[in-house]
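The primary structure of each chain is shown beneath.
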Amino acid sequence: MASSTDTPAQPDRPPRPNTAFRQMRGRRSPAEFAALVRRAAREIGERVSCDARYVGRVEAGEIRCPNYAYERVFLHMFPGRTLTDLGFAPRSAVRGRGARPAAPPVAAYEHPYDPLNHEPLNHEESDVLRRAFMTGTGATVAAAATLGPLGIATDASAAARRPGTSEAAAVEEAVRNIRLLDDKHGADGLYRRAAEPLRAAYALLDAGATRQTTAERLHAGAGELAISVGWLAHDSGRFDDARSHYAEALATARMTGDSGLEAHAFCNTAFLARDAGRPREAVRAAQAAQRAARPLGSPRLMSLLALREAGGWAGLADRTGCEQALVRAQALFGRGTSEADPEWMSFYGEAELAGLEAQCWSTLGDWRRATRHARRAARLQDPHFSRNIALYTAELADDLARDGHPDEAATAGLRVLDLLAQVQSSRIHTMLAGTARVLLPHRRATGVADFLDRHASLPRPRRA
């Protein structure tokens, strides 16, 4: 993440520890306090990616002034206090930023602010990420039109400088930004633009970092970025591209001995294999992911991987294998969260658990169970995850249609069509097309004709 102290106006100014903020943390660990920050953000409808590292950087004084999203969260957590009371510098005192009454919408952020709920960027890193995001077709999409977003220089003198911590932070930030935008808007408008930061990240690896710790961060960040871009390809129906990106991430993990990255790459490979009609490969990839993840000590990660395995067994029509994997997933999920849970798993909660179980029962043809779990998934999903709400509701519509409830299916389908104004996902379009085919003979049922007509008028998904 970016620091707000290293500015051109005061290049030699050392950070001053934020003792006031440290006192507010009390006896909680940085990770425990970060969890409280994320919980407070959800209470007021904000989305921040706070972790122990962010808390540490605030306390070290590296973040002189938080962005507007964090400001709202901190003031919600500590009512009656100001940013100055919490040890931050006044916004007007931070070079390059004038005070404003409220945060701008994501589509109209102003340099040098990160548009997705992280702290202000310093001069160097704002150049690194400049123009990384833009708006398009009603939704915010990743832009990355040049190598600039990850700070790869093209002139000879700058090219001689090997990547350091700011470049590693830029790669990590690109991963977070892509994930947040995908959660909100879906993959179709993101994929092509997000591929450019990935090429830049691997060019940074080729340049070679000066320190081993930085090299490790760059490898981990590049691997996670490959998975994120692979997911965008996956969700937008580009299965061959997704497979290539996941393989790239897996190779990076194997080269560096990164078990967490390996588990993540196998996890996504299993999901892709299931969607591509290769259920046996899905089972094997999920089992490989579990072997890699077991030493990491995250029950929630193991729960998700058991669900990936269950999806493969369902595709093989092995009801017993599927049910056994589902039981393991539920039991592991019940152990709760832990500090070992990977950051990328922020999407995995009760809603995702129910949604993936619904997909298993649907694959097995048990529409009634599938409907029950899909309904629960749509009801429990955090409003931030617009794409997932649309996905679960589309699953519900299809299950209802196949279970003989065309009127309820049409109602759910219409809700999905309303969400498509902000969500672009070929997977959801494909699901709706299947539901429409099932509902065609039931045009006279309540709401079905309206759904079919609106669905027929949908423009074909654009592939950016």
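Rules used throughout
Residues numbered from 1 in each chain as written. Predicted model: local features only at pLDDT ≥ 70, side-chain atom pairs only at ≥ 80, totals over all residues. Heavy atoms only, no water. Helix = DSSP H or I, 4+ residues; strand = E, 2+ residues; numbered from the N terminus. Buried < 20%, exposed > 50% of the residue type's maximum accessible area, 1.4 Å probe, protein only. Contact = heavy atoms within 4.5 Å. Core = buried A, V, L, I, M, F, W, Y, C linked by side-chain atoms within 4.5 Å. Salt bridge = Lys/Arg side-chain N within 4 Å of Asp/Glu carboxyl O. pLDDT = per-residue confidence, 0-100. Phe/Tyr/Trp six-rings, centres within 6.5 Å; stacked < 30°, edge-to-face > 60°. Lys NZ or Arg CZ within 6 Å of the ring centre and 35° of its normal. Axes fitted to C-alpha atoms, helices over the stretch in contact; angles between N-to-C directions. Parallel < 35°, antiparallel > 145°, perpendicular 65-115°, else oblique. Left-handed = near helix turned anticlockwise from the far one by under 90°. Nonpolar A, V, L, I, M, F, W, Y, C, P; charged D, E, K, R; others polar. Expected span 1.5 Å × (residues − 1). Disulfide = S-S within 2.5 Å.

**Q** Just to check I follow, could you spell out the overall build of the protein for this structure?
**A** Along the backbone of the protein there are 20 helices and 2 strands. Buried residues in the protein amount to 55% of all 464 residues. A separation of at least 24 residues holds for 69% of the contacts in the protein among residues at least 6 apart in sequence.

**Q** Looking at this structure, how should I read the nonpolar core?
**A** Most often, soluble globular proteins keep nonpolar side chains buried together rather than apart. Counting residues in hydrophobic clusters, the biggest one holds 70 residues, and the most contacted among them are L225, L304 and Y348. For this core, the leading source of residues is helix α9 (residues 212-235), giving 10 residues. Dropping the residues within four chain positions of it, Y348 is found in contact with R300, S303, L304, L307, F333 and L353. If you look at the next biggest cluster of nonpolar residues, it comprises 32 residues, including A351, A358, A377 and A410.

**Q** Explain the pattern of salt bridges here, please?
**A** Close approach of charged atoms allows side chains of opposite charge to pair. Per the counting criterion, the structure on display carries 17 salt bridges. Close ionic contact of E408 with R375 constitutes a salt bridge, the shortest N to O distance being 3.6 Å. Linking E408 in helix α18 (residues 406-419) with R375 in helix α16 (residues 367-380), this pair joins segments that are 33 residues apart in sequence.

**Q** Could you clarify how one ought to interpret the environment of D450 in this entry?
**A** Relative to the elements of secondary structure, D450 occurs in helix α20 (residues 448-456). Taking C-alpha positions, D450 is 10.0 Å from G413, a pair spaced 37 residues apart along the chain.

**Q** Even after reading the chapter, I still don't get the confidence of the model for the protein, so can you show me in this structure?
**A** If pLDDT is low for a region, its predicted coordinates should not be looked at in detail. Taken as a whole, the protein shows an average pLDDT of 78; of its residues, 79% reach a score of 70 or greater. Scored below 50 in pLDDT, residues 95-160 shows 163 contacts in the model against residues more than four places distant or in partner chains.

**Q** I tried to follow the packing of aromatic side chains on my own but got confused; where do I start?
**A** Note on aromatic pairs: each is described by the distance of the centres and the angle between the planes. This model, assessed by the stated rule, comprises 11 aromatic pairs. Judged by centre distance (6.5 Å) and plane angle (15°), the ring pair of F33 and F78 falls under stacked. Here F78 lies in the loop between α4 (68-77) and α5 (123-129) and F33 lies in helix α2 (residues 30-43), a separation of 45 residues in the sequence. Exposure class is identical for F33 and F78. Each is buried. By the ring-pair criterion, three or more aromatic residues cluster together here, those being F21, F33, Y54, Y70, F74, F78 and F88. The lysine or arginine in question, R308, covers the ring of F271, its NZ or CZ lying 4.0 Å from the ring centre. Sitting above the plane of the W361 ring, R369 keeps its charged end 4.5 Å from the centroid.

**Q** Help me understand the packing of helix α11 (residues 259-275) against helix α13 (residues 299-315), please; the structure alone is not making it clear to me.
**A** At their nearest, the axes of α11 and α13 sit 9 Å apart, and the two run at 25° to each other. On the basis of their axis angle, the class for α11 and α13 is roughly parallel. In the crossing of α11 with α13, the sense of the turn from one axis to the other is left-handed. Between α11, through A263, C267, A270, F271 and R274, and α13, the contact on the second element is made entirely by L304, L305, R308 and G311. Here the contact of α11 with α13 is built from residues that sort into 6 nonpolar, 1 polar and 2 charged.

**Q** Teacher, can you tell me more about the environment of Y191 here?
**A** When you line up the elements, Y191 lands in helix α8 (residues 191-207). Counting along the chain gives 40 residues from Y191 to W231, while the straight-line C-alpha distance between them is 8.7 Å. Not counting chain neighbours up to four residues away, the residues in contact with Y191 comprise V229, L232, A233, S236, R238, D241 and H245.

**Q** Would you take a moment to explain helix α14 (residues 319-333) for this structure?
**A** Because an α-helix completes one turn every 3.6 residues, residues spaced three or four positions apart along the sequence face the same direction. End to end, α14 covers 21 Å across 15 residues, agreeing with the expected 21 Å (1.5 Å per residue, within 8%). The inward-facing, buried residues of α14 contact α13 and α15 (350-363).

**Q** Would you take a moment to explain the packing of α14 against α15 for this structure?
**A** Helix packing geometry: the angle between the two helix axes and the distance between the axes. Close contact between α14 and α15 brings their axes to 11 Å; oriented N to C, the two are set at 175°. The orientation of α14 relative to α15 falls into the category roughly antiparallel. Contact with α14, carried on its side by R319, C322, E323, L326, Q330 and F333, involves E350, L353, E357, C360 and W361 of α15 and no other residues of that element. When its residues are assigned to classes, the contact of α14 with α15 shows 6 nonpolar, 1 polar and 4 charged.

**Q** Would you take a moment to explain α13 for this structure?
**A** With 17 residues, α13 should cover 24 Å at 1.5 Å per step; its first-to-last C-alpha distance of 25 Å lies within 8% of that length. Counted residue by residue, α13 has 16 buried out of 17 residues, so it is predominantly covered. Phi for A317, located one or two positions after α13, is positive at around 60°.

**Q** What should I look at first to understand unusual backbone geometry in this one?
**A** Trans peptide bonds make up the majority, and among non-glycine residues the majority have a negative phi. Unlike most non-glycine residues, A317 shows phi in positive territory, near 60°. Checked against the element boundaries, A317 lands in the loop between α13 and α14. We classify A317 as exposed; its relative accessible area is 62%.

**Q** What should I look at first to understand the environment of A351 in this one?
**A** Among the structural elements, A351 can be located in helix α15. Sequence-wise, A351 and R376 are 25 residues apart; in three dimensions their C-alpha atoms are separated by 7.0 Å. Ignoring anything within four residues of it in the chain, the contact list for A351 reads A377, L380, Q381 and Y392.

**Q** I'm lost on the state of the cysteines in this one. Help?
**A** Every disulfide links exactly two cysteines, by a covalent bond between their sulfur atoms. Scanning all chains against the criterion turns up 0 disulfides. In this structure C322 is not part of a disulfide, and its nearest cysteine sulfur, from C360, lies 4.2 Å away. We classify C322 as buried; its relative accessible area is 0%.

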